[in-house]
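Okay, here's what each chain looks like letter by letter:
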Amino acid sequence: MDATARTALYPGSFDPLTVGHVDVVRRALRLADRVVVAVSYSPTHAKKELFAVEERVEMIRQSFADEARVEVVEFQGLLVELARRVGARVVVRGVRTVADFEYEAQMAAMNRRLAPEVETVFLVPEPEHAFVSATLVRQIAALGGDASPFVPVPVLRALRARFPLVR
Ligand code: PNS
């Protein structure tokens, strides 16, 4: 990747990756030369997570196996530090609803304060994905519902392995 290449950093918990996240990555690929998907984890919150960070990273890699411009890393600590490490001046976040926006605007403003050279860009996923969230996917899977419309195939496989009831 040459020095002028534009890198977009897409951070999140991705527990698990949903079709809404995939949509945001595909949109980011139209704006940047490479997209670094950064999976956050916190050793102190590990028990609350459905999938371990390594599993989440692996599922995302499999979901973008056909896209050489997508890289997946795990991270803890400050997002702006990671942005500097990977050479990203753009942070991408998906915004589905007004409710999302409040939290996102606060984070974007704080990140700008910490690193003025890093710009946050909000991408709006397809309306049909607006109601999809990792939290609801985890619930559907745990309760034996059909999660298949909401996650890519590698994630569905992992959900079925974790919850035998999942359709
Ligand atoms: O998918 P999520 O849980 O909404 O992602 C939130 C995430 C990981 C993007 C956010 O919590 C984050 O950036 N964490 C890193 C710590 C950090 O930099 N905090 C200061 C941001 S104002």
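Quick summary incoming for the structure in this document. Values in this document were obtained by computation on a predicted structure and should not be read as measured data.

Bringing the packing of aromatic side chains into the picture now. Counting across every chain of the model gives three aromatic pairs. On the basis of an interplanar angle of 80 degrees and a centroid distance of 5.1 Å, the ring pair of Tyr10 and Phe14 is categorised as edge-to-face. Seen in terms of ring centroids, Phe101 and Phe122 are 5.7 Å apart; in terms of plane orientation they differ by 80 degrees. Their pairing is edge-to-face. Of this pair, Phe101 sits in helix α4 (residues 98–114) while Phe122 sits in strand β5 (residues 119–123); the two residues are 21 residues apart in sequence, bridging distant segments of the chain. According to the relative accessible area criterion, Phe122 is partly exposed, its value standing at 28%.

Pairing between the strands of a sheet is mediated by backbone hydrogen bonds and can be parallel or antiparallel. Across the sheet, which stays open at both edges, the five strands sit in the order β3-β2-β1-β4-β5 with parallel pairing between neighbours. At either margin of the open sheet sits one strand with a lone partner, and together these are β3 (70–75) and β5. On average, each strand axis in the sheet is tilted by 30 degrees relative to the strand beside it, whichever way the strands run. Pairing geometry for strand β2 (residues 34–40) and β3, over six bridges, is parallel. Counterpart to Val37 in the pairing with β3 is Val72.

A word on the site of the ligand. In the vicinity of the ligand there are 13 residues, among which Ser13, Ser40, Gly77, Leu79 and Arg93 approach most closely. The contact in question runs from an oxygen atom of the ligand to an N or O atom on the backbone of Leu79, over 2.8 Å. Contact distances for the ligand include 2.9 Å between an oxygen atom and a side-chain N or O atom of Arg93. Contact with the protein chains covers 70% of the free accessible surface of the ligand, which is 550 Å².

The rules behind each value
Position numbers for residues start from 1 in each chain and track the written sequence from start to end. In view of the model being predicted, local features appear only for residues whose pLDDT reaches at least 70, and side-chain atom pairs are presented and counted only at 80 or more, with totals across whole chains, interfaces and linings using the full set of residues. With hydrogens and water excluded, all non-hydrogen atoms of the structure serve as input to the side-chain values. In this analysis, rings of Phe, Tyr and Trp, with Trp reduced to its six-membered ring, are considered paired at centre separations within 6.5 Å, and the interplanar angle assigns stacked below 30 degrees, edge-to-face beyond 60, and tilted for intermediate values. Only DSSP runs of H or I covering at least 4 residues are called helices, and only runs of E covering at least 2 are called strands; the numbering of each starts at the N terminus. The buried label goes to any residue with under 20% of its type's maximum accessible area, the exposed label to any with over 50%, and the partly exposed label to all in between, with areas taken from a 1.4 Å probe on protein chains only. Pairing between strands requires that DSSP locate at least two bridges from one strand to the other. Axes here refer to lines fitted to C-alpha atoms; in helices the fit is confined to the stretch in contact. Angles between the N-to-C directions go from 0 to 180 degrees. Distances are taken per atom, and a residue is near a molecule or strand as soon as one of its heavy atoms is within 4 Å of it. In protein, a polar contact means a hydrogen-donor-capable atom and an acceptor-capable atom, both N or O and within 3.5 Å, with residues adjacent in sequence counting only if both atoms are side-chain atoms; elsewhere, any N or O pair within 3.5 Å suffices. Here the Shrake-Rupley method, with its probe set to 1.4 Å, supplies the accessible areas, and only the displayed protein chains count as covering residues.

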